[in-house]
Structures are given as C-alpha cells and as structure tokens.
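# Commentary on secondary and tertiary structure
Here is how the chains run, residue by residue.
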Amino acid sequence: MKHRLISLIENALLVCREKGLVGGVGLPFIEVEATKDPAFGDYATNAAMVLASSARQNPRQIAQCLKENIVDRDGILSKIDIAGPGFMNFFVRENIWAALLKEVADLGDAYGSLKMGEGKKVQVEFVSANPTGPLHIGHARGAVVGDVIANILREAGFSVSREYYINDAGNQMNNLGKSVLLRYRQLLGETVELPETCYQGEYIKDLAAEIRARDGDIYLRMDPIEAVPILTDYAGKVILEGIIEDLRAFGVTFDCYFSERELYRDNGVERLLKDLEDKGFIYSDGETLWFKTTAFGDEKDRVVVRKNGDPTYFAADIAYHKNKFERGFDTVIDIWGADHHGYIPRMSAAVQALGHNKESLKVILVQLVNLLRDGKPVAMSTRSGEFVTMREVVDEVGKDAARYNFLMRRSDSHLDFDLELAKKQSNENPVYYVQYAHARICSIMKMAQDRGCKIPAFADVSLERLALPEEVTLIKALTRFPDIVEGAARSLEPHRLTFYLNELAGIFHSYYNKNKVISDDQTLTNARLFLVNMVLVVLRNALRILGVEAPEKM
RNA sequence: GCCCCCGUAGCUCAGUAGGAUAGAGCAACGGAUUCCUAAUCCGUGUGCCGCGCGUUCGAAUCGCGCCGGGGGCACCA
C-alpha cells in the first residue's frame, strides 16, 4: 500500500514538473507513513514540505498541485486532504482493505519476502568466539542478533551466508593448551599452580581427564614445547564442537566456519602484506611494520608485524576480510561486542585500502548483557571460571523465551536479562503473548474444521463482511508487515519485528475477545475464518524470521 | 585526556534518513469467563523527552557545549 502511494505521488510530481507547476529537479526521498490518528487519514506524506525549499514554493500550494495531478486508476482513495503546514493525508476507501488480503493469501509463506536485496551477496559474520571455553550470555545475544539479521536479509531478497570465524591461532589458544597440560599434570599427581593467565574453568579439568583416559601419561614425559600444541589442538576441537552444539540448541547455525589458521596455511597474511605494500600503505620503522590506517581516518597507524616478526591479530583480520571480498560478497556485516568499537576505524580503513567502498563493511555493535536473577545481578568472573554459560541459560529459560528476550531491545542498548522473568510463563513475558495468539488461531481453525467448515480461499470470501473497525485495524496491520521487514533489513534492526509482533498479537487478542469468529452466520464465519487465517500466516512468517516456534497448542 | 554507546512515565524500553496533541509493556486500582484457550480482554494517568544554546516553517530526532551512566583507547585477541 505504502509503495502504491509513493508511486502515485512520484507520477504526480513528474506531471506537475512537465506542466511547470512545481520547480526543482530530481526525485526526493518520498516518505509515506501510516498515520497514528484517523483524522489524518490512513497514510500521510510530507513530500510537499520536502519539495518546498528546492522548488521555492509554498508547501500547501505544492500539495494542492500534487493532489490535482494524482491519477488514482484503481480507485483506492476516497479523498486526499491537505493539512497543517503541507501534509497530504490519504484516505483509503474502506472497502479496499479487505481486498488487500489477496496478496497475503496468494503469497502465503512468502508474504513479507521482498526483492530489495536483488540477490546481492551478503555475508554475516557473528559469534566468532575463540574456542577456549563455552559461550556465555554475552555471546548468546550476539548469536541471536546475527542469526536474525541474516534471516531478515534473506527475507528481503539478499543471498546470505552466515559465518563463524574461528580465532584458533593466537596466544589465547596457546594458553588453553598450557592450562590443559597443567591440569593434566595435577591429575597425575604433580603439585603445580595454575597461573592467573590460564583458564580456570572446570571444563579444563574434564578435558585433562579425557586426555589421560585416552593417552595415559605420555605428555608427562614429552617436552612441553611439543605437548602444548597437541593438547591445544585437541582441546580446541572438543570445545568448538561443544560451541557448535550449544548454538544448534539455540537455533543458530552457520554456513561456513572459517579458521584463522587456514589463513596462515596458504600464506594469506603474507600475500596481504605484500599487496598493501605494493599499494604503498605499509612502512617500516626499522623494527616493526606499520599500516597507514590514518590515510583513511583512523586516529593513528597500526602495527601489522611485530618486533619479533609475528604478524598481529589485526594483520590476520585484514587478510580475512580480504578473503571475504574475494569470495564475492557485495556487503560484509560483522557483529561485534560493543567493547570492540575502537576497532572499527582501523578495519574500515583496511577495507578501503583494499579498494572497497566504505559502505561495503557494516559493523553491528552488540552491547553488554547484565544477567540478573530476581532483579539481582548474577556474579560473573571469567578469570575464576565462574560464569553462566549460554547453554545453562537456554536450558533454563528455553530457546524461544531466550531468543525473544534478546530481540526486544535495540542491539546497541544495554540489556538486563533476568533469568526468573524470562522463565515466567506469564503476561510479563511477551514471547508467550505472541505465541498464544498463534495457538489461539490454530485452535479456532481446528474447531472450524471439526464442525465441517473448510478453510476459505480468498475467492470464496464475502469481503464486505469484514467491515468492523477492529477488522480494518487488523487488516491494516497485516498489510504493514512487508514494510516492517523492509525497515528491519534497511536498518539491520531485528527488534522492529518483535515490536510489530507484540502489536499484531495485541490487535488480534482484542478482536478475539470482542467478536466470535465461528457463528451461525455462514458467510460471516467464512469471512472471519479467512481473516484470522491471514493473521496466522503473518504471525508464522514473522516468528520464523525470529527463529521462534509458532506452537499450535499451548 | 581522546573516542563510541546510552539518558524518554514509578520500572523496563519503543519512537531518531526532522513532521501534526510523545507511545507500549510491567507495576497499581477496578471490572469481564453459561460461548472459538483468562498465558486473554476492557477501563482508570503520569512526562522540564538529562540541561543549555543554535539550525529550521517545525527538534525527543540535526549541530555545538555541559551533566550523569556504561564501554574502549596494546607490538592482546
């Protein structure tokens, strides 16, 4: 609907310009919004006011010209008002609304999917925690946000690939191997202290025990220089498998796991440095190699090869991003914890130095999560190994409630996650409110079928029977769904979908309480069954994007 | 010191590619169930949109300066 109106306005503007009624050139961004107040019609545009300055004309006068030149071939409008400083308020003919449900019915599961992506290749990289321990609550938020952004983009018509970057080549991994070795030696009776830099969690002891069971005491006699890499490999592999399994239980999967080691294996980092050197972005101060990120707005240049000859993490990360673009992605989206925000300028600089548009890298920052229980903070300390894992949270509150909770806030705002609240199956927990609407409709459909009613097709519905104000409100909400997906895809903001779902569910619950769907009136029953079935379609489609179940019974 | 995010109702937060009287949920109080799921619905009200200045026909939204909260400023990853 919104898009129909936009094209009506655009055409009217072109006609006005041809006739010389409105000055200025170029098509401005024409904004059409659903109105809050019915007195302002169903949709409104500020087009005339936006045009006013470049056209050097009175906005109300422009609005008048546009109004007179709008050609409403399909007769969807009952009137257009010009109000206030120059708003154009569009009143849609009441009997048009129900007809719009045809689109929902025709598209079914595909209602809400868009062509805006034009099949462009987008990669979403998220989680990417190094496999040194189980994921915690903060990772969980990043996981859901990344997963749902990927879903939204796919819905919007992009070709999406989800990727997990495994940081398996650095000091942290070495520490992991060392930690396991020390626990292993403790297990075999040695008295050794675990330094603070080592991983303290219980899972390290489990790994050490597994290794002893498998290989006995052979690492005791081995030079640690040899033993640590072996243990690192083993531990990293086991932990990564655990991470992947935990993510799967959370409904998050990836198309590709990319290992940092692979980058080194085929000299990706070396080739990258050569490439940047050829382009003149690398210089040496005699001891280290620097990358001139300041050429692209970073506040200082960054080291890429250390004094000891090892490339930095940053160097590998640039090589990794180079690799991403070489794989043909038009846009690369990175989901990072907010504590990495200082890293953005240098990564952006790197992408530009490689010859890519600044816009082709998008970084979404996910703010920290405060884990609470009954309103009180849950103590978390990574060092001592005492932290609540993602798995524990998912097991305790359930996949759906956990996901929905993370999706109810913008990702760049701090989030309080209360375990008790998330677990409550009550009105304090919006996920059930939405799922309940779905289950209720399923229940209605089942009842109707038990009574011998067929699920009506669009052609069999007497649309004029759907004329109650609540019904029109419901239909309007359904027609907004594709606009919501579009907005969420444009802004990469999953929370828009949860807000929409809460609203849609609310409108439905209210309608349900006031009106019987199934009655003795056959044509009315038929029409209402059709309507609620369309609500069902939209609820299901939206929940699918969020990765939340749409239960038939609760 | 510099950089990023946040500051909106008692609480948790939407609303920010400028737009018309600023919204929702929770909490509080009162009501609704012979009937499709009461995990529901209906009703009752509260705001110096952190503060100030500016840009504009118009600012919660944009700019500048403060104040408060969080985070970041490595040859760590």
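Computed from a prediction, not measured in an experiment: that's the story for all the values here. (Residues numbered from 1 in each chain as written. Chains lettered and ligands numbered in written order. Predicted model: local features only at pLDDT ≥ 70, side-chain atom pairs only at ≥ 80, totals over all residues. Heavy atoms only, no water.)

### Points about the overall build of chain A
Check the secondary structure of chain A and you find 20 helices and 15 strands. Overall size of chain A, expressed as C-alpha extent along the three principal axes, is 85 × 60 × 40 Å. Among the 554 residues that make up chain A, the fraction classed as buried is 51%. Taking as baseline every contact in chain A between residues at least 6 positions apart, the subset at least 24 positions apart corresponds to 72%. Only carbon and sulfur atoms are counted for the fraction: they give 50% of the accessible area of chain A, which is about 26200 Å². (Helix = DSSP H or I, 4+ residues; strand = E, 2+ residues; numbered from the N terminus. Buried < 20%, exposed > 50% of the residue type's maximum accessible area, 1.4 Å probe, protein only. Contact = heavy atoms within 4.5 Å. Areas by Shrake-Rupley, 256 points an atom, 1.4 Å probe, with all protein chains shown as cover.)

### Some words on the protein's contact with RNA strand B
In the region of RNA strand B, 54 residues are neighbours, and Asp37, Arg306, Tyr433, Tyr436 and Ser443 sit closest. Tyr433 places a polar side-chain atom, nitrogen or oxygen, 2.4 Å from a phosphate oxygen of RNA strand B. The separation between a phosphate oxygen of RNA strand B and a polar side-chain atom of His495 is 2.9 Å. Elements with a minimum of two residues in the surface near RNA strand B: β4 (87-92), α17 (430-450) and α19 (495-514). The biggest single contributor to the surface near RNA strand B is α17, with eight residues. The residue makeup of the surface near RNA strand B, split by class, is 22 nonpolar, 18 polar and 14 charged. (Near = heavy atom within 4 Å. Polar contact = N/O pair within 3.5 Å; in protein donor to acceptor, adjacent residues only side chain to side chain. Nonpolar A, V, L, I, M, F, W, Y, C, P; charged D, E, K, R; others polar.)

### Re the packing of helix α6 (residues 171-187) against helix α9 (residues 224-249)
For the pair α6 and α9, the least separation of the axes is 7 Å and the interaxial angle reads 100°. Comparing their axes, α9 and α6 come out roughly perpendicular. Counting all contacts with α6, which are made through Met173, Asn174, Leu176, Gly177, Lys178, Val180 and Leu181, the residues of α9 involved are Pro224, Val228, Leu231, Thr232, Ala235, Gly236 and Ile239. When grouped by side-chain class, the residues that make up the contact of α6 with α9 number nine nonpolar, four polar and one charged. (Axes fitted to C-alpha atoms, helices over the stretch in contact; angles between N-to-C directions. Parallel < 35°, antiparallel > 145°, perpendicular 65-115°, else oblique.)

### With respect to the pattern of salt bridges
Counted under the stated rule, the structure contains 39 salt bridges. When the shortest N-O distance is used, the salt bridge between Glu125 and Lys324 registers 2.7 Å. Of this pair, Glu125 sits in strand β5 (residues 121-125) while Lys324 sits in helix α12 (residues 313-326), and the two are 199 residues apart along the sequence. Note on accessibility: Glu125 and Lys324 belong to one class, buried. Arg261 serves as the salt-bridge partner of Asp233, at 2.9 Å between the closest nitrogen and oxygen. (Salt bridge = Lys/Arg side-chain N within 4 Å of Asp/Glu carboxyl O.)

### A closer look at the environment of Phe90
Among the secondary structure elements, Phe90 is positioned in strand β4. For the pair Phe90 and Ser78, spaced twelve residues apart in the sequence, the C-alpha separation amounts to 8.0 Å. Other than its neighbours up to four places away in sequence, Phe90 contacts Leu5, Ile9, Phe40, Gly41, Asp42, Tyr43, Ala44, Thr45, Ile70, Leu77, Lys79 and Ile80.

### Thoughts on the sheet that holds strand β3 (residues 77-83)
Ordered in space as β1-β2-β4-β3, the four strands form an open sheet in which the pairing is antiparallel. Strand pairing shows two members of the sheet lacking a second neighbour, β1 (32-34) and β3, which therefore form its edges. Between one strand axis and the next, the sheet turns through 25° on average, direction left out of account. (Pairing = 2+ DSSP bridges.)

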